[in-house]
Amino acid sequence: MPDPTAARRSGLHPYAGRFTVHDRLPDAGVAREEVLAEIATMAEEEDRRYHDGQVSGSIYSGDEEHYAFLTQAYARFAHANVLQRDMYPSATKMEGEIIAMTADMLHGDGDTGGVVTSGGTESLMNAMLVYREWGRETKGVADPQVIMPVTAHPALDKGCHYFGIDAIKAPVTDDFTVDVDWVSDHIGPRTVALVGTAGTYPHGLVDDIGALAGLASEHGLGMHVDGCLGGFILPWGRDLGYDVPEFDLAVDGVSSMSADTHKYGYALKGSSVLLYRPKALRHHQYFMALDWPGGAYSAPGMSGSRSGGIIAATWASMVSLGRDGYRRIAADIFATAAALVEAISAQPELRVLGRPFFNVAFTSASDEVDIYHVNDHLASKGWRMNGLQLPPALHFCVTRPNTQPGVVERFAADLSDAVAYARQPHDRPPRSGAMYGSAGARPPADQVRAGLVKYLDATHEVGPLG
Ligand SMILES: Cc1ncc(COP(=O)(O)O)c(C=O)c1O
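Here the structure is a predicted model, which means the values were calculated and not measured. Throughout this document, residue positions are counted from 1 along each chain, in the order its sequence is written. Selection of residues for local features in this predicted model requires a pLDDT of at least 70, selection of side-chain atom pairs for listing and counting requires 80 or more, and totals for whole chains, interfaces and linings are taken over all residues. Working from all heavy atoms in the structure, the side-chain values ignore hydrogens and water.

**With respect to the packing of helix α3 (residues 64-77) against helix α9 (residues 308-345)**
Here is step 1 of the chain: Angles here are taken between N-to-C directions and fall from 0 to 180 degrees, while the axes themselves are lines fitted to C-alpha atoms, restricted in helices to the stretch in contact. Think of it this way: any DSSP run of H or I at least four residues long counts as a helix, any run of E at least two long counts as a strand, and we number them from the N terminus. Taken N-terminus to C-terminus, the directions of α3 and α9 make an angle of 140 degrees; their axes are 7 Å apart at the nearest point. The orientation of α3 with respect to α9, classified from their angle, is oblique. α9 is crossed by α3, and the crossing has right-handed handedness. Only G308, G309, I310, A312, A313, A316, S317, S320 and L321 of α9 make contact with α3, whose side of the interface consists of H66, F69, L70, A73, Y74 and F77. Oblique is the label for every angle not falling under 35 degrees (roughly parallel), over 145 degrees (roughly antiparallel), or within 65 to 115 degrees (roughly perpendicular). It is the rotation of the near helix from the far one that decides the hand of a crossing: anticlockwise by less than a right angle makes it left-handed, clockwise makes it right-handed. The contact definition used throughout considers only heavy atoms, calling two residues in contact when any of these lie within 4.5 Å.

Here it is, written out as structure tokens:
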């Protein structure tokens, strides 16, 4: 028998030894104060990491008062199931308003409709399902494919994988946005939709949505804009004087767009908005089971029961911030990102990728500097960057906690030291390179996959690691 205690003490069971490991229900319930004290300890320790502004992405608002307010709103309806509309008509009001406010912000028209989902992944998966169904119904395509850039989020692959769609990957050009000519050359009879991203996860860039939407119109295809990351921050760029290209439903030919309220919408985790134009596209994701003994069943999307709390908190975030609130926070984020671009560009060994507005990716411009060595040093100084590959790079996705005074200056100084560290001779590969691979050092895909399966298993159980 493997020794479970040893496994529990490992990094994958991080509180073993401090708190009881509940591998079965406790015989007698633990007192509420004790439960809350345990949660408070973990939350306070873990949140400390983002308070000083050294974490890329992840925590979008970080305003404790805002969170306390959202939690109050959440608590009022946390127990409510919005599937039971007759009991909770408030959900109908709030959900409709979340969709309307988002559609208005993203320049939808009178024929724009939407749904609220549990996050970016669910929004993107729904969109893939809709284009499969729409393609089958209107074009008779039985074996659909969707063309998306290599930089598109893996949730789109996930949707294609779940729903039997071929995801065709278009390369990006030197500016790291989609190669539109390649897309044009690869549209065929099986193509049902194109995808572009407004605010890519890897590099924070905006694909040429106008050109993609033009192709979609020309060929009678669906066109989804993934604004999960950028949808709630890019809209304020123009007002603030930044040269943000058109990316939303203002562009003719865009037939759907996702925008995550739980990212730059500053709501609690677990919500995203998916918009369709025309509205009727939404019908392809509705599900009905009319002959069920439990009664005629219908749901607007993948979820069954959904918490009214998330809808209330999302609505509260949007209404309480208003356009002014979003614009104010965006101004700080855009300015911080611009200052980061300057700090990175001041290092001749580094190169910023493309023309980012809020999420800044950079790579090594010198054979003597491995970008993952740069990351190793930054990590030792408490920075939590996101590591990228193909090409090896890092990104710093700026959120509200990063806009505090002094953060950029600290980053600039640590980055300069990090480059100096990376330039030194190293006899070992970078620590942060192990996950993403550098200079061909990545283990074979099968090995990476097996390791990830082990990791995913281990993070979902308290027993011995397999
Ligand atoms: C561009 C983009 N799309 C989709 C997603 C997926 O969102 P979620 O993690 O909420 O499912 C992300 C997440 O970072 C993203 O950056």
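Once you've had a look at it, read on.
**As for the nonpolar core**
One broad trend across soluble globular proteins is that nonpolar side chains are buried collectively.
Here is step 1 of the chain: Counting 79 residues, the largest nonpolar core has Y264 and F411 as its most contacted members.
Here is step 2 of the chain: For this core, the element with the most residues is α9, which contributes 12 residues.
Here is step 3 of the chain: With sequence-adjacent residues up to four places away left out, F411 is seen in contact with L340, I344, F362, L378, W383, M385 and F396.
Here is step 4 of the chain: Ranked by size, the runner-up nonpolar core spans 25 residues in total, among them A152, F163, A193 and V195. In this description, a nonpolar core means a group of buried Ala, Val, Leu, Ile, Met, Phe, Trp, Tyr and Cys residues linked to one another through side-chain atoms lying within 4.5 Å. Any residue under 20% of the maximum accessible area for its type is buried, any over 50% is exposed, and the rest in between are partly exposed; the area is computed with a 1.4 Å probe on protein chains only.

**Points about the packing of aromatic side chains**
Here is step 1 of the chain: Any pair of Phe, Tyr and Trp rings, taking the six-membered ring for Trp, is counted once the centres come within 6.5 Å. Such a pair is stacked with planes under 30 degrees apart, edge-to-face with planes over 60 apart, and tilted for the rest. If you walk through the whole model with that rule in mind, you get 16 aromatic pairs.
Here is step 2 of the chain: Relative to F411, the ring of F396 has its centre 5.4 Å away and its plane inclined at 80 degrees; by these criteria the two rings are edge-to-face. Residue F396 is found in strand β13 (residues 393-397), and its partner F411 is found in helix α11 (residues 407-423); the two are separated by 15 residues along the sequence.
Here is step 3 of the chain: According to the relative accessible area criterion, F396 is buried, its value standing at 2%.
Here is step 4 of the chain: Through pairs of rings, three or more aromatic residues link up here, namely Y60, F232, W236, Y264, Y266, Y326 and F358.

**Looking at the domain arrangement of the protein chain**
Here is step 1 of the chain: Under the domain assignment used here, the protein chain contains domain 1 (75-318) and domain 2 (322-446).
Here is step 2 of the chain: Between domain 1 and domain 2 the total buried area reaches about 2300 Å² when both faces are included, carbon and sulfur atoms providing 69% of it.
Here is step 3 of the chain: For salt bridges, the criterion is a side-chain nitrogen of Lys or Arg within 4 Å of an Asp or Glu carboxyl oxygen. Scanning the region where domain 1 abuts domain 2 turns up two salt bridges.
Here is step 4 of the chain: In this structure, R323 and D104 form a salt bridge, with 3.8 Å as the shortest nitrogen-oxygen distance.
Here is step 5 of the chain: Nitrogen and oxygen atoms within 3.5 Å of one another constitute a polar contact, given that in protein one can donate a hydrogen and the other can accept it, and given that sequence-neighbouring residues count only through two side-chain atoms. Our count for the contact surface shared by domain 1 and domain 2 stands at eight residue pairs in polar contact (both at pLDDT 80 or more).
Here is step 6 of the chain: Elements with a minimum of two residues in the side of domain 1 that touches domain 2: α4 (89-105) and α9.
Here is step 7 of the chain: Within the side of domain 1 that touches domain 2, the residues separate by chemical class into 17 nonpolar, eight polar and four charged. All the domain ranges listed were derived from an automatic or database domain assignment. The term buried area means the drop in 1.4 Å probe accessible area that two parts suffer when joined, counted for both and summed. Under the scheme applied here, ten amino acids are nonpolar (Ala, Val, Leu, Ile, Met, Phe, Trp, Tyr, Cys and Pro), four are charged (Asp, Glu, Lys and Arg), and all others, including Gly, are polar.

**Thoughts on the side chain of S255**
Here is step 1 of the chain: Mapped onto the fold, S255 is located in the loop between β5 (222-227) and β6 (256-259).
Here is step 2 of the chain: Here the side chain of S255 touches Y131 through a polar contact of 2.7 Å, side chain to side chain.
Here is step 3 of the chain: Polar side-chain contacts of S255 include one of 2.7 Å to the backbone nitrogen of M223.

**As for the site of the ligand**
Here is step 1 of the chain: Throughout, the term near means that a residue has one or more heavy atoms lying within 4 Å of the molecule or strand in question. What surrounds the ligand is a group of 13 residues, the closest being G120, T121, D226, H262 and K263.
Here is step 2 of the chain: Side-chain polar atom of D260 to an oxygen atom of the ligand: 3.5 Å apart, as the coordinates give it.
Here is step 3 of the chain: In the model, an oxygen atom of the ligand is placed 2.8 Å from a nitrogen or oxygen of the H262 side chain.
Here is step 4 of the chain: Counting residues per element, the shell around the ligand draws most heavily on helix α5 (residues 120-139), which supplies three residues.
Here is step 5 of the chain: Grouping the amino acids of the shell around the ligand by side-chain chemistry returns four nonpolar, six polar and three charged.

**Let's talk about the sheet that holds strand β2 (residues 145-149)**
Here is step 1 of the chain: Pairing between two strands is assigned when DSSP locates at least 2 bridges connecting them. The strand order across the open sheet built from seven strands is β1-β7-β6-β5-β4-β2-β3, with neighbouring strands paired in mixed fashion. Each edge of the open sheet carries a strand with a single partner, namely β1 (113-117) and β3 (166-170). Taken over all neighbouring pairs, the strand axes of this sheet differ in orientation by 20 degrees on average, direction set aside.
Here is step 2 of the chain: Alignment of β1 against strand β7 (residues 272-276), held across five bridges, turns out to be antiparallel. Within the sheet, the bridge partner assigned to V115 lies in β7 and is L274.
Here is step 3 of the chain: Against the sheet, helix α6 (residues 154-163) makes contact with β2, β3, β4 (191-197) and β5, and its axis sits at roughly 150 degrees relative to β3, the strand it touches most.
Here is step 4 of the chain: Set on the sheet, helix α8 (residues 209-219) makes contact with β4 and β5; between it and β4 the angle comes to about 170 degrees.

**Things to note about the sheet that holds strand β12 (residues 386-388)**
Adjacent strands of a sheet form backbone hydrogen bonds with each other and so pair up, either parallel or antiparallel.
Here is step 1 of the chain: Overall, antiparallel pairing links the four strands, which are arranged β10-β11-β13-β12 in an open sheet. Both outer strands of the open sheet, β10 (350-352) and β12, are each paired with one neighbouring strand and no more. Direction aside, neighbouring strands of the sheet carry axes that sit 30 degrees apart on average.
Here is step 2 of the chain: Bridge count for β10 against strand β11 (residues 359-364) is three bridges, and the pairing is antiparallel. Within β11, the position partnered with R351 by the bridge is T363.
Here is step 3 of the chain: Contacting β10, β11 and β13, α9 crosses the sheet at an angle of about 10 degrees to β11.
Here is step 4 of the chain: On the sheet, helix α10 (residues 371-380) packs against β10, β11, β12 and β13 and is oriented at approximately 45 degrees with respect to β13.

**Concerning the pairing of β2**
Here is step 1 of the chain: Where burial is concerned, most of β2 is hidden: five out of the five residues are buried.
Here is step 2 of the chain: Burial of β2 is two-sided: the residues Q145, I147 and P149 facing one way and the residues V146 and M148 facing the other way are all buried.
Here is step 3 of the chain: Of the pairings in the sheet, the one linking β2 to β3 comprises five bridges and is parallel in character. In the strand pairing of β3, I147 is matched with I168.
Here is step 4 of the chain: Looking down the strands as they point away from you, a crossover is right-handed if its path from the first strand over the helix to the second goes clockwise. Handedness of the β-α-β unit built from β2, α6 and β3 comes out right-handed.
Here is step 5 of the chain: With three bridges joining them, β2 and β4 adopt parallel strand pairing. Bridging across to β4, V146 finds its partner in A193.

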